[in-house]
Structure formats: structure tokens, C-alpha cells
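Coordinate inspection notes
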Amino acid sequence: MARAQRQGVLDSRVGQVVNLTGLMLVIVSIPALTIYETWSEQAAMRRAWNIAGPACPVVEASPTLFGAKGPKAFEYGEIRFERRFGHVSCVAPAKRGMVGGEVYRVCQFSAPAALAVTTEGRTSLYKPGVGRRATVTVRDGQVSCVVGGWFSG
């Protein structure tokens, strides 16, 4: 008797509304969780790559800046990076929000000794020092360099 009564409630209009509401909540929660996960990952990336430290010393162009072998160069997002030594790791975090918006560029260098960053026709030269990590951020065409970072190559 109780089972038949319970089955009757599930088949009633109220039961159908409750079931449909539950199904809709499940369907809506899946994209909501995906959106939250993406937002959370972007926020974590911005925090992890926001390196604080003293400004890299700015230097003038010199034929000896990158040594006899010349610089190790690469382009990332229409920005040219050159270094004398070491390894590099770069990311492009969203400026705010999640995806589909504007991004900025951040590169960490393990031990560059000297750096050149060219964007929008302007070159910035830095000399963080031998064996010192450096982080370069290019946001809205503005280049900044700090001595420090966690990337070790």
C-alpha cells in the first residue's frame, strides 16, 4: 500500500515538477562547475605568476651584452624575448575574468644574465645579473622586469 501511494506521488503533477526541477539543477550545475573551475584556474595562474621583487637594472645596448655567441631569442605573442643564458617558461593569463578576453604575457627566466624585450617597436634591455632569476611582464604594451621568480628550468 505504501509503495503504491509513493508511486502515486511520483506520478502526480507535483512529483513531476519536483523530478524535472531536480533534473534541471543537475544539468545547470555541470556548466556552472566548469565555469567556476576555469575562473579559479585563471585566478590561481595570475597569483602564481605575479612575482614581486626589485626592478631589474636597466642597461644601454652594448655589443658585449649577450656575449660572443649572441642571444637566445624567441617570440611569444608578438613580443620578442632575448636572453644570454638559462631557460624560460611563459604564460598568458587573462587580464580579468576567464577566457576569451584580453591576455598579458609573463615569462620567468632561470638565470638570463641579460634580457632584451621588444614590443611595439621598442626594446627594453635589462641585466638582472648572472645566476639570478628574472620575471618579465608585458601588459598593455608596457614592459616590466623584476629580479625573482620560482622557475628554475
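Scope of this entry: the structure provided in the associated data block. One numbering rule holds for all chains: residues counted from 1, following each sequence as written. The predicted nature of this model means local features are confined to residues of pLDDT at least 70 and side-chain atom pairs, given and counted, to a pLDDT of 80 or more, with totals for whole chains, interfaces and linings taken over all residues. Remark: hydrogens and water are excluded; side-chain values derive from all non-hydrogen atoms of the structure.

**Side note on the sheet that holds strand β8 (residues 142–147)**
In space, the four strands of this open sheet follow the order β3-β4-β7-β8, with antiparallel pairing throughout. The open sheet has two edge strands, β3 (88–91) and β8, and neither has a second partner. Direction aside, the axes of adjacent strands within the sheet are offset by 15 degrees on average. DSSP-based pairing: two strands are paired if at least 2 bridges between them are found. Starting at the N terminus, helices and strands are each numbered in turn, a helix being any DSSP run of H or I of at least four residues and a strand any DSSP run of E of at least two. Pairing between strand β7 (residues 134–139) and β8: six bridges, direction antiparallel. The residue bridging Arg 139 from the neighbouring strand is Gln 142, located in β8. A fitted line through C-alpha atoms serves as each axis, taken over the contacting stretch for helices, and the angle formed by two N-to-C directions is quoted from 0 to 180°.

**Side note on the side chain of Thr 135**
Checked against the element boundaries, Thr 135 lands in strand β7. Side-chain polar atoms of Thr 135 contact the backbone oxygen of Gly 148, separated by 2.8 Å. Excluding anything up to four places from it in sequence, Thr 135 contacts Ile 51, Val 106, Cys 107, Gln 108, Ser 144, Cys 145, Val 146, Gly 148 and Gly 149. Any pair of nitrogen or oxygen atoms within 3.5 Å is treated as a polar contact; in protein, a donor-acceptor pairing is required on top of that, and neighbouring residues in sequence qualify only through side-chain atoms on both sides. Throughout, a residue-residue contact means that at least one pair of heavy atoms, one from each residue, lies within 4.5 Å.

**Topic: the side chain of Thr 119**
Examined against the element boundaries, Thr 119 turns out to sit in strand β5 (residues 113–119). Overall, the relative accessible area of 7% leaves Thr 119 in the buried class. Apart from residues no more than four positions distant in its own chain, Thr 119 is found in contact with Ile 79, Val 138, Gly 141 and Val 143. Partly exposed describes any residue whose relative accessible area lies between the buried limit of under 20% and the exposed limit of over 50%, with all areas from a 1.4 Å probe on protein chains only and scaled to the type maximum.

**What about the layout of surface pockets?**
Empty space among the atoms can be located by rolling a probe the size of a water molecule over them. Put simply, the largest pocket is a space of about 190 Å³. Contributing to the lining of the largest pocket are 13 residues, with Gly 77, Ile 79, Thr 119, Val 138 and Gly 141 lying nearest its centre. The nonpolar class holds Ala, Val, Leu, Ile, Met, Phe, Trp, Tyr, Cys and Pro. Asp, Glu, Lys and Arg form the charged class, and all remaining residues, Gly among them, are polar. Taken together, the residues that form the lining of the largest pocket break down as four nonpolar, three polar and six charged. The definitions used throughout rest on a 1 Å grid laid over the protein atoms alone, on which a cavity is an enclosed set of points accommodating a 1.4 Å probe that cannot get out and a pocket is an open set flanked by protein within 12 Å on both sides along at least five of seven lines; lining residues are those having an atom within 4 Å of a point. Grid points are joined across faces, edges and corners, and a volume is the space filled by probe spheres set on the points.

**A few points about helix α2 (residues 13–48)**
The terminal C-alpha atoms of α2, which comprises 36 residues, lie 52 Å apart, in line with the 52 Å expected from a rise of 1.5 Å per residue. Listed in full, the buried residues belonging to α2 are Gly 15, Gln 42, Ala 43 and Arg 46. One fewer than the residue count of a helix, multiplied by 1.5 Å, yields its expected span.

**Some remarks on the nonpolar core**
Formed by 14 residues in total, the largest nonpolar core has its most connected members in Phe 81, Leu 115, Val 117, Val 136, Val 138 and Cys 145. Contributing elements (two or more residues each) for this core: β2 (79–83), β4 (105–109), β5, β7 and β8. Aside from chain neighbours lying at most four places away, what touches Leu 115 is Phe 66, Glu 82, Arg 83, Phe 109, Ser 124, Leu 125, Tyr 126, Pro 128, Ala 134, Val 136 and Cys 145. Remark: nonpolar core denotes a set of buried residues (Ala, Val, Leu, Ile, Met, Phe, Trp, Tyr, Cys) joined through side-chain atoms within 4.5 Å. Residues Leu 65, Phe 66, Ala 116 and Leu 125 belong to the second largest nonpolar core, which totals five residues.

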